[in-house]
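Listed here are the chains, written in short residue letters.
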Amino acid sequence: MSAPTPMSGQFARFAVSPARRRKDKLARAAITACTVIALIPLGLVVYYLLSKGLGSWSWSFLSTDPTGNTFFKASSIGGIKSAILGTVEIVALASAIAIPIGIGVAVWLVEYGRASGFAKVVRFFVDVLTGVPSIVFGLFIYIVLIVGTGSSYAGYKGSFALALLMLPVVIRSAEVILLLIPDALRESALALGAPRWRVIFSIVLPTALPGMVTGVLLAIARAAGETAPLLFTAAATDKTNLNLGQFMNSLPVQIYKDVTSPTTAVVNRAWGAALTLVAMILLLNLIARLISRRSRLA
Amino acid sequence: MNTAAMPGGDRPILARSPLARLPDRALKYGLTILAALILALIVYFFVRLVGQARPAFAHAGVFGFTFNNDWNVSGEKFGALPLVVGTLITSGLALLIGVPIAVATALYANELCPLRLRAALTVLVELLAAVPSVVYGLWGIFFLAPKLQPVEQWFANRLSFIPFIGGDSVTIPNYFVAGLILAIMILPIVSAISREVMATVPADHKEAALGLGATRWEMIRTAVLPYCRAGIVGGAMLGLGRAIGETIAVTIVIGDAPGLGKHLFGQGYSLAAVIANEFGEAQGLHRSALFAAGLVLFVLTLLVNGVARVLVSRASHPSKTPSAPQAAVGPGQVAGAVAGA
């Protein structure tokens, strides 16, 4: 008898049959292939953004307003200054509205509401808010702030629409972090005689802060890329305008307008603006990840 | 004898004075009011939206508005069937293409991937969610759609015997491209939720399967997938909700043709796209019809998301806390929560 191979002799009946082994290999290959396929679009989007967008980046691209003339030569169409400033301003105001309210609601859910019936209702409505399509937020704000007041588009109305969109994201992520804070921490503070509000402001919130920053930054990144809620709330304009009470340009709306243009130079401006927008959003994502890695809680 | 007498009058020594309790009360009631305001706001928005949509519903009836196949702005005819069908076709395609790939990605990350690659893979998939909708639209119309057109034409010619695939000429913007873009856009959320649910499969079950001699794939099929089925279906439904409501990318790549597309590779319209595209110039009944389209969209996403939430929360913790599917939290889960939001 020759030297036994590992799967011969009395152990042969434990061996995986060739058919099963083939099936296993095939399935694993398919799963791996699907994973690769999932990453292809990301690579392609990044590649095209860089190859088309970098070409239109220049100092004058970032520092001049778009002009209305799109049918003349490339140098006369202008850049995206008003769009960048508008996006920064609209998103800043939206954050100023959504972050305090969102964290307030999350604190209420975790510290006061807990598992009460009313808290369940609030959680349900936050979930509802999460699922609302972004364009419907635009319609809401249009009805209330434009039809309702009889006035026209304005930057701050766009901020309200984006704030509605950010709210559920902020509430959910803050709630997740607040739930992680050990009850022992709250109980020790209470046992030392601290009133509830001091426990919240001096113990709970500072402990949760780094974790909450992550969720907040991701919410901001999400809002910055939204076009639909801004279309009929902040509208679009060419001129740089720092007054939130008037029409205001923004990067997503500028891109959306430029996509439909028949002029190549204008489409190239859309690529440049898209690269700018994605760079801003990725930066926020990166900061969020760095902070979440350093935070002990999340 | 009670040595801890009451020097300050008739209240216990450890109790706070009414004045000192004031900030506590203010905070408690203030925050409660804040939470209540959110409910009030949503209900108020909903009522106002219904009010704005009423003229269009009165014109054709709720049923007529939703299911009449005639969207003709100049003729003042508003039957939203082409829009509803466009929304359903594109989001159905997105599920068909996106969910298997997303689940496979989650399986790969959880079961097959070398441990060192797992974090990087997760981040990369989540980056797909960081690309704004309008950028997907831009990329879709200038890169994906033109590159795909010959392939689509080939399929359309070969498979023309199947109804709705058609042998007609393929347009650059069409239902299929919109569905494909949507598939890419829902991939991160479906994958994140699948991964979360797969992480709850007890190691015992997996080890038991392997111990009985199962191969990796048999272990996945017999221990992992059955355990996660409800959660994966819920994640897919959340993705569906996303796809139904997605606006700008679809508006750019679907072609915005107001008729019912004749085949998969023809131009069409969707509920969200019609609002984005026509709202700026709409007046009177037309505007009301767009509000009504928004309302139909809102109700549709509400239903889909409601079912999804129930499935996901049942799957991720059968008996634990009442809060969202994120009760058990580990590193990176905030990102998951946000992607899921």
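Keep in mind that what you see is a predicted model, and the values were worked out from it rather than measured.

Calculation notes
- Residues numbered from 1 in each chain as written.
- Chains lettered and ligands numbered in written order.
- Predicted model: local features only at pLDDT ≥ 70, side-chain atom pairs only at ≥ 80, totals over all residues.
- Heavy atoms only, no water.
- Helix = DSSP H or I, 4+ residues; strand = E, 2+ residues; numbered from the N terminus.
- Areas by Shrake-Rupley, 256 points an atom, 1.4 Å probe, with all protein chains shown as cover.
- Axes fitted to C-alpha atoms, helices over the stretch in contact; angles between N-to-C directions.
- Parallel < 35°, antiparallel > 145°, perpendicular 65-115°, else oblique.
- Left-handed = near helix turned anticlockwise from the far one by under 90°.
- Contact = heavy atoms within 4.5 Å.
- Nonpolar A, V, L, I, M, F, W, Y, C, P; charged D, E, K, R; others polar.
- Pairing = 2+ DSSP bridges.
- Patch = residues over 30% accessible without salt bridge, like charges linked within 9 Å, V, L, I, M, F, W, Y side chains within 5 Å.
- Salt bridge = Lys/Arg side-chain N within 4 Å of Asp/Glu carboxyl O.
- Buried < 20%, exposed > 50% of the residue type's maximum accessible area, 1.4 Å probe, protein only.
- Phe/Tyr/Trp six-rings, centres within 6.5 Å; stacked < 30°, edge-to-face > 60°.
- Lys NZ or Arg CZ within 6 Å of the ring centre and 35° of its normal.
- Polar contact = N/O pair within 3.5 Å; in protein donor to acceptor, adjacent residues only side chain to side chain.

Caption draft 1: Spotlight on the overall build of chain B. Along the backbone of chain B there are twelve helices and two strands. For chain B, the α and β elements follow one another from N to C terminus as α-α-β-β-α-α-α-α-α-α-α-α-α-α. For chain B, the accessible area works out to roughly 14,800 Å², and carbon and sulfur atoms hold 66% of it.

Caption draft 2: Summary view of the packing of helix α10 (residues 251-259) of chain A against helix α11 (residues 264-294) of chain A. All names here are of chain A. The contact between α10 and α11 brings their axes to 8 Å, and the two run at 155°. In terms of axis orientation, α10 runs roughly antiparallel to α11. Crossing geometry of α10 relative to α11 is assigned as left-handed. Touching Leu251, Pro252, Gln254, Ile255, Asp258 and Val259 of α10 are Val266, Val267, Arg269, Ala270, Ala273, Ala274, Thr276, Leu277 and Met280, all from α11. Along the lines of polarity and charge, the residues of the contact of α10 with α11 split into eleven nonpolar, two polar and two charged.

Caption draft 3: Expanded view of the pairing of strand β2 (residues 77-80) of chain B. Residue and element names in this part refer to chain B. Of the pairings in the sheet, the one linking strand β1 (residues 69-72) to β2 comprises four bridges and is antiparallel in character. The partner of Asn69 across the bridge, within β2, is Ala80. The turn joining β1 and β2, which pair antiparallel and follow one another in sequence, is formed by four residues; a positive phi near 55° is taken by Glu76.

Caption draft 4: Local environment of a nonpolar patch on the surface. Residue and element names in this part refer to chain A. On the surface, Val46, Leu50, Leu54, Trp57, Trp59 and Leu62 cluster together into a nonpolar patch covering about 590 Å² of accessible area. Broken down by element, the residue count for the nonpolar patch peaks at three residues, all from helix α1 (residues 18-56). Within the secondary structure layout, Trp59 lies in helix α2 (residues 59-63). Taking the relative accessible area as the measure of exposure, Trp59 reaches 69% and is therefore exposed.

Caption draft 5: Here's a closer look at the packing of aromatic side chains. Applying the stated criterion to the full structure yields 22 aromatic pairs over all chains. Here the aromatic rings of A:Tyr142 and B:Phe291 are separated by 6.2 Å at their centres, their planes lie at 40°, and the arrangement is tilted. Taken together, the residues A:Tyr142 in helix α5 (residues 134-147) and B:Phe291 in helix α11 (residues 284-316) connect one chain to another. Ring plane angle 80° and centroid distance 5.4 Å describe the contact between B:Phe279 and B:Phe291, whose orientation is recorded as edge-to-face. One end of the pair, B:Phe279, is in the loop between α10 (271-278) and α11; the other, B:Phe291, is in helix α11, with twelve residues separating them in the sequence. You'll find B:Phe279 and B:Phe291 in the same group, each marked buried. Here A:Arg196 stacks its cationic end above the ring of A:Tyr112, 5.6 Å away from the centre of that ring. Seen from the ring of B:Phe279, B:Arg287 lies directly overhead, with NZ or CZ sitting 4.6 Å from the centre.

Caption draft 6: Spatial organisation of the environment of A:Thr149. Residues and elements named next belong to chain A. Its place among the elements puts Thr149 in the loop between α5 and α6 (155-180). Excluding anything up to four places from it in sequence, Thr149 contacts Val144 and Lys157. Among the polar contacts listed, one links the side chain of Thr149 to the side chain of Ser151, at a separation of 2.6 Å.

Caption draft 7: Broad picture of the environment of B:Ile189. Residue position: B:Ile189 is located in helix α6 (residues 175-198). As for B:Ile189 and B:Ala129, which are separated by 60 residues in sequence, their C-alpha atoms are 7.8 Å apart.

Caption draft 8: The arrangement of the pattern of salt bridges in detail. Residues and elements named next belong to chain B. Counted according to the given criterion, the structure contains 13 salt bridges over all chains. Two residues, Glu111 and Lys206, come together in a salt bridge whose shortest N-O distance is 3.2 Å. Here Lys206 lies in helix α7 (residues 203-211) and Glu111 lies in helix α3 (residues 81-112), a separation of 95 residues in the sequence. On the accessibility criterion, Lys206 (18% relative accessible area) is buried.

Caption draft 9: Spotlight on the side chain of A:Asp127. One can find A:Asp127 in helix α4 (residues 117-131). With a relative accessible area of 16%, A:Asp127 lands in the buried category. Excluding residues within four positions of it along the chain, A:Asp127 makes contact with A:Arg172 and B:Arg309.

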